[in-house]
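Chain by chain, the residues run as shown.
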Amino acid sequence: MSLTTVLQSIADYALPARCAICGVSVETDNRFCLACWEKLDFLTRPWCAACGLPFVFERADGSLCAKCLVDRPIHDGVRAVVRYDDSSSLIAMRLKYGTRLGLARLIAEHLQKFAHEYSDDPIIIPVPLHRSRLWTRGFNQSVLIGRELARATGIDMNYNLISRCKMTPPLRGMSGAQRGKIVASAFKLGADADKQLAGKSVLLVDDVYTSGSTSNACARLLKKAGALNIFVFCWARVIKDFEAS
Ligand SMILES: [Zn+2]
Ligand SMILES: [Zn+2]
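Quick caveat: nothing in here was measured; it's all calculated off a predicted structure. (Residues numbered from 1 in each chain as written. Chains lettered and ligands numbered in written order. Predicted model: local features only at pLDDT ≥ 70, side-chain atom pairs only at ≥ 80, totals over all residues. Heavy atoms only, no water.)

### A short note on helix H10 (residues 213–224)
Helical geometry: 3.6 residues make up each α-helical turn, so side chains three or four residues apart lie on a common side.
Here is step 1 of the chain: With twelve residues, H10 should cover 16 Å at 1.5 Å per step; its first-to-last C-alpha distance of 17 Å lies within 8% of that length.
Here is step 2 of the chain: With nine of twelve residues buried, H10 is to be regarded as a mostly interior element.
Here is step 3 of the chain: Here H10 has its buried residues at Ser213, Thr214, Ser215, Asn216, Ala217, Cys218, Ala219, Leu221 and Leu222.
Here is step 4 of the chain: Taken from the residues just after H10, Gly226 is the one with a positive phi, measuring 110°. (Helix = DSSP H or I, 4+ residues; strand = E, 2+ residues; numbered from the N terminus. Expected span 1.5 Å × (residues − 1). Buried < 20%, exposed > 50% of the residue type's maximum accessible area, 1.4 Å probe, protein only.)

### Observations regarding the coordination of the zinc ion (ligand 2)
Metal coordination angles in their ideal form are 109.5 degrees for the four-donor tetrahedron and 90 or 180 degrees for the six-donor octahedron.
Here is step 1 of the chain: Note on the zinc ion (ligand 2): its protein donors are Cys48 (SG), Cys51 (SG), Cys65 (SG) and Cys68 (SG). The metal-donor distances range over 2.3 Å.
Here is step 2 of the chain: For the zinc ion (ligand 2), the four donor atoms are set out with angles of 105 to 115° between them, so the coordination reads as tetrahedral.
Here is step 3 of the chain: Coordination of the zinc ion (ligand 2) draws on donor residues from a single chain, spaced C-x2-C-x13-C-x2-C in sequence. Both residues of the pair, Cys48 and Cys51, count as buried. (Donors = N, O, S within 2.8 Å, 3.2 Å for Na, K, Ca; no water. Tetrahedral: all angles 85-135°; square planar, octahedral: opposite > 155°, others 65-115°.)

### What about the packing of helix H4 (residues 86–96) against helix H5 (residues 103–115)?
Here is step 1 of the chain: Taken N-terminus to C-terminus, the directions of H4 and H5 make an angle of 130°; their axes are 9 Å apart at the nearest point. When the axes of H4 and H5 are compared, the pair comes out oblique. Each of Ile91, Arg94 and Leu95 in H4 lies in contact with H5, whose residues at this interface are Leu103, Ala104 and Ile107.
Here is step 2 of the chain: Residue classes in the contact of H4 with H5 are distributed as five nonpolar, no polar and one charged. (Axes fitted to C-alpha atoms, helices over the stretch in contact; angles between N-to-C directions. Parallel < 35°, antiparallel > 145°, perpendicular 65-115°, else oblique. Contact = heavy atoms within 4.5 Å. Nonpolar A, V, L, I, M, F, W, Y, C, P; charged D, E, K, R; others polar.)

### Details of unusual backbone geometry
Here is step 1 of the chain: Arg45 connects to Pro46 through a cis peptide bond whose omega is 0°.
Here is step 2 of the chain: Looking at where Pro46 falls in the secondary structure, it is placed in the loop between helix H2 (34–39) and helix H3 (66–70).

### Concerning the nonpolar core
Grouped burial of nonpolar side chains is what soluble globular proteins tend to show.
Here is step 1 of the chain: One finds Phe32, Leu197, Phe233 and Trp235 to be the most contacted residues of the largest nonpolar core, which totals 75 residues.
Here is step 2 of the chain: Considering each element in turn, this core owes the most residues, eight residues, to H5.
Here is step 3 of the chain: Discounting chain neighbours no more than four positions away, the residues touching Phe32 are Cys19, Ala20, Ile21, Val26, Trp37, Leu40, Ile91, Leu106, His110 and Trp235. (Core = buried A, V, L, I, M, F, W, Y, C linked by side-chain atoms within 4.5 Å.)

### A short note on the packing of aromatic side chains
Here is step 1 of the chain: Applying the stated criterion across every chain yields a total of seven aromatic pairs.
Here is step 2 of the chain: Taken together, a centroid distance of 6.3 Å and an interplanar angle of 90° make the contact between Phe114 and Phe233 edge-to-face. Of this pair, Phe114 sits in helix H5 while Phe233 sits in strand E6 (residues 229–237), placing them 119 residues apart in sequence.
Here is step 3 of the chain: For Phe114, a relative accessible area of 4% translates into the label buried.
Here is step 4 of the chain: Exposure remark for Phe233: the relative accessible area of 0% places this residue in the buried category.
Here is step 5 of the chain: Judged by centre distance (4.4 Å) and plane angle (35°), the rings of Tyr118 and Phe231 are tilted. Of this pair, Tyr118 sits in the loop between H5 and strand E2 (123–126) while Phe231 sits in strand E6; the two residues are 113 residues apart in sequence, bridging distant segments of the chain. Of the two residues, Tyr118 and Phe231, both sit in the buried class. (Phe/Tyr/Trp six-rings, centres within 6.5 Å; stacked < 30°, edge-to-face > 60°.)

So this is what it looks like as structure tokens:
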């Protein structure tokens, strides 16, 4: 048992379990109270086969939303647990800034149901952070989620196949095209990426899916190295009001 695990067990024993969003006492730590659970907008089918945008009305499997019909993303689907909103963003922020690392396990438990759709020996790849950001923060939240997902499903994770070679400025407020241009050259493949990726399906793990430009940039490279399909696995997906279809 590692020191972290021991300390975590002591903390679990000493502190009452709290709702991961509002902090009221609950039976098990890193769960939600009923009120917060009901507020979360869990995403379910039918959704766009490429970007995961939920459809209001039933459509055939494989249907695309209006945006993807015009400009289909390189990745082959998005599996997001919830819609990005005030409640779900709290979870993402607390994981990202390290106050509640157990949240990675909670997110992975929700993503696990999607992973069972892939029986073709896929590989989990977390979206990489730039090295300097890793040094300041101490960890990559996507690796934490990926590691827990690997543990829960038995699917291998590899975080050396792709790395972030360029720091990118905050993308908030930029158009999809601007974001795409900025992140296009931000990633590079690891030394033996093609050997590991040939013919593989990739579960590309991220915390939040915003415009898809980051996952698309990763997907482009991973496919260049021979990966067959790229499915984005994330906690929350941003859905703008005008997008809901
Ligand atoms: Zn709560
Ligand atoms: Zn779409």
